[in-house]
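Observations on the three-dimensional arrangement
Listed below are the residues making up each chain.
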Amino acid sequence: MKQLGYLLLIGVVLFSCKKEKQEAKIVVPETLVEKKEPPVIKEFGFNLNDFNVVRDTIKAGDSFGAIMDTHGVDEAKVFEITNVIKDTFNVAKIRAGKPYMLLKSKDTTEKAQVFVYQNNKIDYTVVDFRDSIIAQKRKKPVTIVEKIASGTIESSLLQTFDDLDLNFLVAYNMADIYAWTIDFTRLQAGDRFKVVYTEKFIEDSIPVGIDQIKAAYFEHRDKSLYAFRFKDDTIHNTSGYFDEKAENLRRAFLKAPVKFSRISSRYNLKRRIKFYGNRIRPHRGTDFAAPTGTPILATSDGIVTKSERKGGNGKYVKIRHNATYETQYLHMSRQAVKVGQFVKQGDVIGYIGMTGNTSGPHVCYRFWKNGKQVDPLREELPTAQPLTEELRPAYFKAIEPLRSQLDSIQFKPQEIL
């Protein structure tokens, strides 16, 4: 019996060992894990995966040489680079606040190889010094998207655009188009507008400004004012805005020397002032109130005849436009033009201030016709040249679909909060 027990024990042990060997032979297949390559990141025409990328912004006091030195480029190499690229990229003109990118090798040396300077959101300059030295001015691809907008004014054009969450740059462009025909300081509640415009985008999502206003409609004081963009000068490649009858919307003079300001005091020859014993003190100018530092614009082309500071006028500029018209702009914080300088309509000639006799920041705009001061808001100012007869058939054909598009846009009412 004892022997039988030993035999059974040995049998159990042998069976267990055999089973373990059989289990050890079972091979579990390995799970194949697909190795994913990092996504390709391309910017400024480079595959950024191939470099160590350094992004930074030009600081006050920074120079191209100092930036290169920080990243291991010696003085001799910097001199060579700047000398080779000087006709394409003047490194002395880099400006604080502008972003830049440096591409460095991925090996242990981390050698600087490419410098990218962003002039603005679209334009940039590449300085590639990996082998030979090359500098190129480039642009990011821009997508042009057509948009429409409309609104009803309760207080001001800018406020309406803000309330409707529209791009305020469209409002500024509209103000430029209608600057000769609408006094934007005197808009009325209920005035309405429609506009067809194009906006620029990079990477299909980042807005970088307004391309152009193709067509607009403004209903002001129950008067309908159409505006259509049309190339009227193929030699100089310039465009203007004309109404539905092909009449030029430009005038010889802007309605106001300041955008989106308000008239705080009008031309008034019978004005009485309490400070002077309620005596008549004629006001031969039109005061446009605006914050200190607001740009003051020349209302027409002309030659600067005075740019000085004198008595109650404070700092002022006077412009002769032709044998008939002169304008003057008083109380500036500073002038931006000199005597003898030619200025074009819309050029900045100075900035709103409080110099001279004034109780608040504004510009007193004075207007002479044949040597006599007059009220410019009551003058029938000369118009610019209308569209030539030979261009009119092409113009009417071009604006037909734009007018239909404008007319089909529904006015969006102003929200009452």
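Residues numbered from 1 in each chain as written. Predicted model: local features only at pLDDT ≥ 70, side-chain atom pairs only at ≥ 80, totals over all residues. Heavy atoms only, no water.

Next up on the list: the overall build of the protein. Per the secondary structure count, the protein includes six helices and 24 strands. For the protein, with 417 residues in total, the buried portion stands at 39%. Taking the intrachain contacts of the protein between residues at least 6 apart in sequence as the baseline, contacts between residues at least 24 apart amount to 61%. (Helix = DSSP H or I, 4+ residues; strand = E, 2+ residues; numbered from the N terminus. Buried < 20%, exposed > 50% of the residue type's maximum accessible area, 1.4 Å probe, protein only. Contact = heavy atoms within 4.5 Å.)

This next bit is on the confidence of the model for the protein. Mean pLDDT over the protein works out to 86, with 87% of the residues at or above the 70 mark. Ranking the elements of the protein by mean pLDDT puts strand 14 (residues 272-273) last with 52 and strand 22 (residues 348-352) first with 97. (pLDDT = per-residue confidence, 0-100.)

With that settled, consider the pairing of strand 5 (residues 112-118). Along strand 5, seven of the seven residues are buried, which leaves the element largely enclosed by surrounding structure. Strand direction decides the pairing type here: strand 4 (residues 99-104) and strand 5, joined by five bridges, are antiparallel. Bridge pairing in strand 5 places Tyr-100 opposite Tyr-117. Direction of pairing for strand 5 relative to strand 6 (residues 123-128): antiparallel, over a ladder of five bridges. (Pairing = 2+ DSSP bridges.)

Let us now look at the packing of aromatic side chains. Throughout the structure, instances matching the rule amount to 22 aromatic pairs. Plain terms: the ring middles of Phe-168 and Tyr-172 are 5.8 Å apart, the flat faces sit at 80 degrees to each other, and that makes the pair edge-to-face. One end of the pair, Phe-168, and the other, Tyr-172, are both in helix 5 (residues 168-177), four residues apart, so they sit about a helical turn from each other. Look at Phe-168 and you get partly exposed, because its relative accessible area is 47%. When its relative accessible area of 28% is taken as the criterion, Tyr-172 is described as partly exposed. Consider the rings of Tyr-329 and Tyr-365, whose centres lie 5.4 Å apart with planes at 35 degrees: the pair is tilted. Taken together, the residues span a long stretch of sequence, with Tyr-329 in strand 20 (residues 325-335) and Tyr-365 in strand 23 (residues 362-369) at a distance of 36 residues. (Phe/Tyr/Trp six-rings, centres within 6.5 Å; stacked < 30°, edge-to-face > 60°.)

Let us look at the environment of Val-339. With respect to the helices and strands, the residue Val-339 is situated in the loop between strand 20 and strand 21 (342-343). Ignoring sequence-local partners within four residues, the contact set of Val-339 consists of Val-304, Thr-305, Lys-306 and Ser-307.

Turning our attention to the pattern of salt bridges. Taken as a whole and judged by the stated rule, the model has 15 salt bridges. In this structure, Lys-369 and Glu-379 form a salt bridge, with 3.2 Å as the shortest nitrogen-oxygen distance. Separated by ten residues along the polypeptide, Lys-369 in strand 23 and Glu-379 in the loop between strand 24 (372-374) and helix 6 (392-408) bring together distant segments of the chain. Accessibility expressed as a relative area gives 28% for Lys-369, which makes it partly exposed. Exposure remark for Glu-379: the relative accessible area of 22% places this residue in the partly exposed category. Between Glu-389 and Arg-392 there is a salt bridge, with the nearest N and O atoms lying 3.9 Å from each other. On the basis of relative accessibility, which here comes to 15%, the residue Arg-392 falls in the buried class. (Salt bridge = Lys/Arg side-chain N within 4 Å of Asp/Glu carboxyl O.)

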